[in-house]
Amino acid sequence: MVKGPESLITAKIMSWLKKQPRCWCFKVHGNRFQISGLPDIIGLCDGHFFAIEVKQPDEVPTKLQQHFIDLIVSCGGTAFAAHSLDEVKDVWFQRDRRL
């Protein structure tokens, strides 16, 4: 099975996240028994909840995906869509703090 661009971006992000201190995360593998619209990556860093919706370049989250991103943010977590590892790092290190 050939991996698409989104899978490759996700793999790079997951590899980098797993190397961060005090960080735990997992890839959400959607199926018919799961809630639709959950972000692709969910985790904790230093006790702070985060979620990342991975998208291919030029793609945006669906309305349902954006609903979950907004819900997580409204509850105090960090959630966003990312098109690359660099975008994740930008959010991760913003204002000299992790998430």
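Since we're looking at a predicted model, the values are computed, not measured.

Conventions adopted
Numbering of residues starts from 1 in every chain and runs along the sequence as written. Under the rules for a predicted model, residues below a pLDDT of 70 receive no local features and side-chain atom pairs below 80 are neither given nor counted, while totals for whole chains, interfaces and linings still include all residues. In computing side-chain properties, one takes all heavy atoms of the structure into account and sets aside hydrogens as well as water. Strands here are runs of E lasting at least two residues and helices are runs of H or I lasting at least four, both read from the DSSP assignment and numbered beginning at the N terminus. Radius of gyration here uses only the C-alpha atoms, and the compact-globule reference equals 2.2 Å multiplied by the residue count raised to the power 0.38. We call two residues in contact whenever any of their non-hydrogen atoms come within 4.5 Å of each other. In these tables, accessible area is a Shrake-Rupley quantity obtained with a 1.4 Å probe, and a residue counts as shielded only by the protein chains included in the view. Here the positive residues are Lys and Arg and the negative ones are Asp and Glu; neither His nor the chain ends is included. All charge positions are set by atom: Lys at NZ, Arg at CZ, Asp at CG, Glu at CD. Take the buried Ala, Val, Leu, Ile, Met, Phe, Trp, Tyr and Cys residues and link them wherever side-chain atoms come within 4.5 Å; each set so joined is a nonpolar core. The classification of residues rests on relative accessible area computed with a 1.4 Å probe and restricted to protein chains. Under 20% of the type maximum is buried, over 50% is exposed, and intermediate values are partly exposed. Centres within 6.5 Å are what make two rings of Phe, Tyr or Trp a pair, Trp counting through its six-membered ring; a difference in plane orientation under 30 degrees is then read as stacked, over 60 as edge-to-face, and the rest as tilted. At least two DSSP bridges between two strands are needed for those strands to be called paired. Lines fitted to the C-alpha atoms define the axes, with helices restricted to the stretch that makes contact. Angles between their N-to-C directions range from 0 to 180 degrees.

Draft legend 1. The arrangement of the overall build of the protein chain in detail. A count of helical and extended segments in the protein chain gives 3 helices and 4 strands. Starting at the N terminus, the α and β elements of the protein chain follow one another as α-β-β-β-α-β-α. Against the compact-globule benchmark of 13 Å for 99 residues, the protein chain has a radius of gyration of 13 Å, which places it among compact chains. Projected onto its principal axes, the C-alpha positions of the protein chain cover 35 × 30 × 25 Å. Pairs at least 24 residues apart make up 54% of the contacts formed inside the protein chain by residues separated by at least 6 positions. Entry remark: accessible area of the protein chain is about 6,400 Å², with carbon and sulfur atoms responsible for 56%. One finds the centroid of the 13 positive side-chain charges in the protein chain at a distance of 7 Å from the centroid of its 11 negative side-chain charges.

Draft legend 2. A look at the nonpolar core. Ranked by size, the top nonpolar core spans 17 residues in total, and within it I13, L17, I41, F50, I52, V88 and W92 carry the most contacts. For this core, the elements supplying multiple residues, two or more each, are α1 (5-17), β1 (23-27), β2 (41-45), β3 (48-54), β4 (78-82) and α3 (85-92). Here this core takes 5 residues from α1, the largest share from any one element. For L17, the residues in contact, after removing those within four places along its chain, are C23, C25, I41, F50, I52 and W92.

Draft legend 3. Seen up close, the packing of aromatic side chains. Evaluated as defined, the whole model comprises 4 aromatic pairs. Aromatic side chains W24 and F26 sit 5.4 Å apart centroid to centroid with 50 degrees between the ring planes, which places their arrangement in the tilted category. With centroids separated by 5.6 Å and ring planes inclined at 85 degrees, the aromatic side chains of F50 and W92 adopt a geometry described as edge-to-face. Remark: W92 occurs in helix α3 and F50 occurs in strand β3; sequence separation between them is 42 residues. The pair formed by F50 and W92 is uniform in burial state, with each residue classed as buried. Site record: aromatic cluster; members linked through ring pairs are W16, F50, W92 and F93.

Draft legend 4. Spotlight on the sheet that holds β4. Taken in spatial order, the 4 strands line up as β1-β2-β3-β4 in an open sheet, and their pairing is mixed. The two strands at the open ends of the sheet, each matched to only one other strand, are β1 and β4. Recorded for the sheet is a direction-independent mean angle of 20 degrees between the axes of neighbouring strands. Here β3 runs beside β4; their pairing, made up of 5 bridges, is parallel. Bridge assignment links F50 to a residue of β4, and that residue is T78. Against the sheet, helix α2 (residues 63-74) makes contact with β3 and β4, and its axis sits at roughly 150 degrees relative to β4, the strand it touches most.

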